[in-house]
Structure formats: structure tokens, C-alpha cells
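Structural overview for review
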Amino acid sequence: MGRSFAAVVVLMQLVGQTAALRCQQLSGFDRQRGRTMLHQVQQAIERQYYDSALNGIALADTAAVLEARIQQATSLADVFAAVAKLALTLNDSHTFFVPPQQTVRADYGWDMLMIGDSCYVARVKDQSDAARQGVTAGDQVLAVNGYRRTRQNIWLLRYLFRLLRPQQSLHVVLQSPNGTRRELDLAAKVTERKLVFDLVQGDDLARLIREEENEARERQWVQVEIDDAVVWKLPTFALSSSEIRNAWKHVRGHKALVLDLRGDAGGSEWALQALLGQLSSADLQIGTLHERHKQTPLIAKGSGADAFTGSLVVLVDSRSASASEVVARTVQLAHRGVVVGDRTAGAVMRGRYRSLSQGVETQIVYGVSVTEADLVMSDGGRLEGAGVVPDSLIVPTGADLAAGRDPVLARALAMVGVPMDPAAAGAIERRP
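In this report, we go over the structure that sits alongside the text.

Rules of the game
Residues numbered from 1 in each chain as written. Predicted model: local features only at pLDDT ≥ 70, side-chain atom pairs only at ≥ 80, totals over all residues. Heavy atoms only, no water. Buried < 20%, exposed > 50% of the residue type's maximum accessible area, 1.4 Å probe, protein only. Helix = DSSP H or I, 4+ residues; strand = E, 2+ residues; numbered from the N terminus. Arc of directions from axis to C-beta. Contact = heavy atoms within 4.5 Å. Polar contact = N/O pair within 3.5 Å; in protein donor to acceptor, adjacent residues only side chain to side chain. Salt bridge = Lys/Arg side-chain N within 4 Å of Asp/Glu carboxyl O.

Digging into helix α8 (residues 241-251)
For α8, the full list of buried residues reads I244, A247, W248 and V251. Buried residues of α8 fall within an arc of 95 degrees about the axis and therefore sit on the same side. Of the exposed residues in α8, the ones pointing more than 90 degrees away from its buried face are R245 and K249. Residues of α8 that are buried in the fold lie against β10 (222-226), β11 (229-233), β12 (256-260) and α9 (269-277). A positive phi of about 95 degrees marks G253, the residue just after α8.

Some details on α9
Residues A271, L272, A274, L275, L276 and G277 constitute the buried set of α9. The inward-facing, buried residues of α9 contact β11, α8, β12, β13 (284-290), β14 (295-300) and α10 (323-333). In this structure S268 caps α9, since a side-chain oxygen of it lies 3.1 Å from the backbone nitrogen of W270.

Section: the pattern of salt bridges
Scanning the entire structure with this criterion turns up 18 salt bridges. Salt-bridge contacts for D111 lead to R162; the nearest nitrogen and oxygen are separated by 3.7 Å. Taken together, the residues span a long stretch of sequence, with D111 in strand β3 (residues 110-115) and R162 in helix α6 (residues 154-164) at a distance of 51 residues. The buried category is assigned to D111, whose relative accessible area is 15%. Look at the salt bridges and you will find they share partners, linking D111, R158, R162 and R319 into a network.

Focus: the side chain of S280
For S280, the location among the structural elements is in the loop between α9 and β13. S280 gets classed as buried once you look at its relative accessible area, which sits at 13%. From its side chain, S280 meets the backbone oxygen of A282 in a polar contact 2.7 Å long. Ignoring any residue separated from it by four or fewer positions in sequence, one finds S280 in contact with G302, S303, G304 and A307.

Here you go:
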């Protein structure tokens, strides 16, 4: 779901209560940098937010309160929390502060997924502390650091623990598929990092590029041919034109496509238009972008005789967001295919990231994402805060996750005439 005011309040309570990995002592110069961050974020929002009324928020008044808080801060984490709160005050999915990289990076070794209204462990890395303590996919997550995970706050907690205030460990309450309940302290793998990067000598820049390349490999799309069908796992819409062309070369000539957008948090607006355009010979009216000074139709240009005309099933889950949700809802409204899975995230706006920095030869780099447009779909509805409800609502159980079964993909394949049991379907997209 989208953000709620109550969830934002919970985040700020957590920021105040949760100890960071390292609390750096602040100097007067550090506080001045914090005030500069706050003012830069305020200016970006005031100038570029799609609603000139800023959702009725008196942003300048809020900034003044937060500037006073920075003056009283005792750590960099407190400073970043104050700047983050300013952006969160707008209460939408695409406006948020991206802090400088922490001096430490916490890899928790496990990840979570909302299924329906319950939270489960989705995956556990080998050699992680979670794996050593017996945490497995399919364990239900009842609480993390004393807070129950919900659709309203899971993104907030992920933002807090991964970006804003990394933790040495997380205290979790889990319940296994057989009903066994246990409390564990799961240590993170902590890696030392620099807060200030030297972009002149090049060593820091090269390392950042290597990290980005490693993340890019995790975002690569995968296609698997099964009889006359293609299963296309698309983890991101951060795609180039050549990637789009190459992907559709493999799809054409088949009778069916299962487009798996589970876990896809979105990406390029151009990519979603290009993908939808390949599904129709005629232009598709997606919706209208409501910007600060204008309204612009969002249209996917049809592909004429080259369009894919086979059967289509789109898979979504609670982590399908932004462009993924727009694709799924457009497919429903155009009666082009069937959407299967769980209700989506409800995070559908157009945001633009602004990189901000302080310093010249040595820089502190951070940024802010600002919502530039709201999207109203072709039927007049909005997805922000609501999400897409699948035509066929089907979700895995904790036992399915533990056993590696995929009943959602199995159902989709059955719909296009390729019967397969959930265990076999679970092995299709699994990577070594």
C-alpha cells in the first residue's frame, strides 16, 4: 500500500529509538552540512513537487522545526533522520531523501515479503547469521525490533534499516510453517565504507562502479521457453532500447507469454511504454500525468503488424510497484490479458531523483526523489495507495516458500495450456 501518516509517525519513532551501527560525534561543521542538506531538499520539493500546494503541508514551518532538531542532534544518524522527515511529510511513494552512504554497510542476509496481510521470510543467504540460526524461507515474520510488519509500514522499515539507520543486528520474532515460534537476534554482515569520496584519484569511483555492476547483474531479466509459451521474469524496468528489442525477439512466434513482474519495483517510464506498445497493434491510452503546470496523456505507441498477439498472463505481488503496476492495470483495462498473484504495492507516481552534494574535490553525495506527476489511469482511477487487485488472487503459503513451490506461476502456465505442478514451476526461475 501507499504511505499513511500513521506509518510515517512510526518511522520517526523508530528513528528515535533505534541505535545505529555507529554514532559519529558531531562538530559545528557537521551541523552546518546538515542544515545545508535540509535546505537543499526543501528547495527541491518546493520547486519541483507536482502539487504547488504541497498537499497542504506548510513545508517551511516543518523545515524550521527540523533545523532546530539538527542543532540539538548528537549523531549524523539524527541529522539524516531530520532531513528524511521533511521529505516524508509529503506522504507519497516517490518523495524521499537518500542520505549519504553510511560509514558502514549492513547486509542482513535475509529478506521479507508481504503475502496478503502477513509477512514472510522470502530468502536467506548462505553463510549469513540468519542461515546459521536456522531461519528459512517461509518463516512468518511476526515482529522486527518490536514492530509488526504490515503493508503500510514495510517500506518504511526497509528504508530505515537499509538506508537511513543500518543496524548491527535485528531482533525478530518468527513462526515456522509448523507453528514453532522463536525469538532471535540476527547479526548483519558489516562492511566499512567511506562517508566522503575522493573522486579525483579515481579509486572510490571505480569501487562505486563495481558495486553498481554487481547490482545490475541481479536486475537482469530472464526468459524461459516452455512448449509454445515464454516465461519472462522482469525484475526491473531500468531497461535500454536494445534490451527491449532483444527480449521481444524471443517472445515473438510463441502462442503465450507469462510476464512475471513479481518483485519489480519499476524503473523507466519509457520502458513501460515500449513494453505495452508491443502488446497492441494500436496505440494504448495508459492514463494522464497530472503535473504542476499541465496535464499530459501517457500513451504507448502500438506496434502494428509486429505486435505480440498471443495469450498474456501478468504476475504481480506486494513488491510489484510503479511501472509494474501501471502495466498490470493497463492490461486489465485494455482487456489484453489476465493478472494473477497478490495485490500490488500502490506506489504509482512519477518521481525524479536529484543528486545533491557538498564539497569539490572531496564530496559528500546524497539526493532526493521528488514526485513530479500523479498518474490517473484511463478509467479515471488512481493506483497510488490502492494498488492493482489481480483478476485471479492467488498467493503462496509459508510452506510453499519453504519447499520452493510456486503455485502462482503454476496457475499462470495452466491458463496458457502448459500444465505444471507448483514444485516444477518453482524451479523454472530459480538461479544458482
